[in-house]
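Inside the fold
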Amino acid sequence: MFSPQRIETTKSLRKKKVQELVKFVSESSEREEDVDISRASFTTALNIISNILFSVDLGSYDSKISNGFQETVTAVMVAIGKPDLANFFPFLGFLDLQSNRKNMKGCTERLFRLFRGFMDAKIALRNESTDDVSDIDFLDSLLALTQGVEPELDNSDIEHLLFDMFAAGTDTSSTNVEWAMAELLKNPKTMAKAQAEIDRVIGENGVVQESDISELPYLQAVVKETFRLHPALPLLLPRDAETDVEILGFMVPKDAQVLVNVWAIGRDPSVWENPTQFEPERFIGKEIDVKGRDYELTPFGAGRRICPGLPLAVKTVSLMLASLLYSFEWKLPNGISPEDLDMDETFGITLHKTKPLQAIPVKKRTIS
Ligand code: HEM
């Protein structure tokens, strides 16, 4: 799923799903309605991943159709991110005093039921084999590994893998698009600069393609600056120390839980100038990237546990953002001025904007 070839074969799928987002925003603009950026970008991220995995849309832009999937994934992230007394007093674990385990179980069971439905449908169709490799989705490839005398996976492994993909890949990508849009609405000059670059490269009446992104250094800097100030997983994923280890004079005992605070690293004044300012210019002409080699900017982690979805995520976030900026001018609703835009953060395992961003789109050009 994450090999460069596989990511390349799903390029047109991402383009199609992002165009559906543009169409939805265009219709909202015609109806003079605000767009809930978090919900809209979550739907796009969800449909990209659900199509890669099972070849279906799981999300809907229609707010009347409850996006139960988004609620369940968000509930999972909240349950994982809640501080749990049992982390500090393991002997209390069995009491589940904050009901974290109970909530988590309810959400995972709901998702697993949905996955089992897709798996059963695929198994029923298994004999109708297809020769077209592009028709084979991730679930087909996983189910193939359950076959043979010595299967590499069983159905429970598959359910857990699918769970990881949705939990790790949907909310993270959409949160990033929302924070990028919020920062651009708060900094109109930066928004204008990003839009001018996109207009120059794409021209009139085009559609942003993934291949255009490499021609958009300022947009890439906007994405990196968003990752620096608003890393989707502010503490990465927890680790356990395998042995006693001394780091910078501090003893970390065996079995201690270790959290890496990339949120604080991104705002460290000894590393970054004007650390709290949104200044994409700081990355222009610099080699710093998010691929785990530059430790001052590791929103995807680094080393063995680095996010396997990194290449897919960077493409998805950049394409969504570039397309929203290319096709629309954006304004804040209810006369909110940029400097008054609320940027409060809610910490969990993912870093959410406390007040979801609502924005008014104004069409810049014809949308096909
Ligand atoms: C902007 C979007 C994303 C961000 C910021 C992000 C960030 C991260 C981070 C920080 C980790 C933990 C790394 C560590 O602790 O060192 C992680 C793990 C993971 N990510 Fe992502 N991710 C994103 C999108 C995706 C996507 C699109 C997928 C796949 C569809 C994905 C799949 C995973 C998986 C499976 C893991 C767990 C790896 C393990 O268990 O070691 N991520 N991600």
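Because the structure is predicted, anything quoted here is derived from the model rather than measured.

**Overview of the overall build of the protein**
If you tally the helices and strands in the protein, you get 12 helices and 9 strands. A burial count over the protein gives 45% of its 368 residues as buried. Across the protein, the fraction of contacts at a sequence separation of at least 24, relative to all contacts at a separation of at least 6, is 72%.

**Some words on the coordination of the iron atom of the ligand**
If you check the protein contacts of the iron atom of the ligand, you find one donor only, C307 (SG), at 2.3 Å. Relative to the assigned elements, C307 resides in the loop between α11 (262-266) and α12 (310-327).

**Brief notes about the side chain of S29**
Of note, S29 is situated in helix α2 (residues 11-30). Apart from the residues within four sequence positions on either side, S29 is in contact with P361, V362 and K363.

**Regarding the packing of aromatic side chains**
All chains considered together, the criterion is met by 10 aromatic pairs. Taken together, a centroid distance of 5.6 Å and an interplanar angle of 15 degrees make the contact between F115 and F166 stacked. Placement of the pair is F115 in helix α6 (residues 100-125) and F166 in helix α8 (residues 155-186), with a sequence separation of 51 residues. Taking relative accessible area as the criterion, F115 reaches 0% and is therefore assigned buried. Following the ring pairs from residue to residue traces out a cluster consisting of F54, F112, F115, F118, F163 and F166. The aromatic ring of Y326 is capped on one face by R365, whose charged end is 3.9 Å from the ring centroid.

**Concerning the layout of surface pockets**
Its boundaries defined by the atoms lining it, the largest pocket holds a volume of some 840 Å³. Looking at the largest pocket, it is lined by 38 residues, and the ones nearest its centre are A168, G169, L233, C307 and P308. Looking at the lining of the largest pocket, the element that brings in the most residues is α8, giving 10 residues. Residues of the lining of the largest pocket, tallied by class, amount to 27 nonpolar, 7 polar and 4 charged.

**Let's talk about the pattern of salt bridges**
Using the criterion set out here, one finds 22 salt bridges in the structure. Here E30 and K363 are joined by a salt bridge, their closest N and O atoms 2.5 Å apart. Of this pair, E30 sits in helix α2 while K363 is found in strand β9 (residues 358-363), placing the two residues 333 residues apart along the sequence. Classification of E30 by relative accessible area gives exposed; the value is 52%. Look at the salt bridges and you will find they share partners, linking D199, E204, K364 and R365 into a network.

Here is what the cut-offs are and how they apply
Think of each chain on its own: its residues are numbered from 1, step by step along the sequence as written. Local features are withheld for residues below a pLDDT of 70 in this predicted model, meaning they are given only at 70 or higher, and side-chain atom pairs are given and counted only at 80 or more; totals for whole chains, interfaces and linings count all residues. Just so you know, side-chain values use all the structure's heavy atoms and leave hydrogens and water out. Where helices and strands are cited, they refer to DSSP runs of H or I of at least four residues and of E of at least two residues respectively, numbered from the N terminus. Think of it in three bands: with a 1.4 Å probe and only protein chains considered, a residue is buried below 20% of the maximum accessible area for its type, exposed above 50%, and partly exposed in between. We call two residues contacting when some pair of their heavy atoms lies within 4.5 Å. Atoms of type N, O and S within 2.8 Å of a metal are treated as its donors, and for Na, K and Ca the window is 3.2 Å; water is not considered, so some sites may appear to be missing partners. A pair of aromatic rings is counted whenever rings of Phe, Tyr or Trp (Trp by its six-membered ring) have centres within 6.5 Å, and the orientation is called stacked for planes under 30 degrees apart, edge-to-face for over 60 and tilted otherwise. By definition here, charges over rings are those cases where NZ of Lys or CZ of Arg is within 6 Å of the ring centre and within 35 degrees of the ring normal. Here a cavity is any set of points on a 1 Å grid over the protein atoms alone where a 1.4 Å probe fits but cannot get out, and a pocket is any open set with protein on both sides within 12 Å along at least 5 of 7 lines; a residue lines the site when it has an atom within 4 Å of a point. Grid points are joined across faces, edges and corners, and a volume is the space filled by probe spheres set on the points. Nonpolar residues are Ala, Val, Leu, Ile, Met, Phe, Trp, Tyr, Cys and Pro. Charged residues are Asp, Glu, Lys and Arg, and all others, Gly as well, are polar. By definition, a salt bridge exists where a carboxyl oxygen of Asp or Glu is found within 4 Å of a side-chain nitrogen of Lys or Arg.

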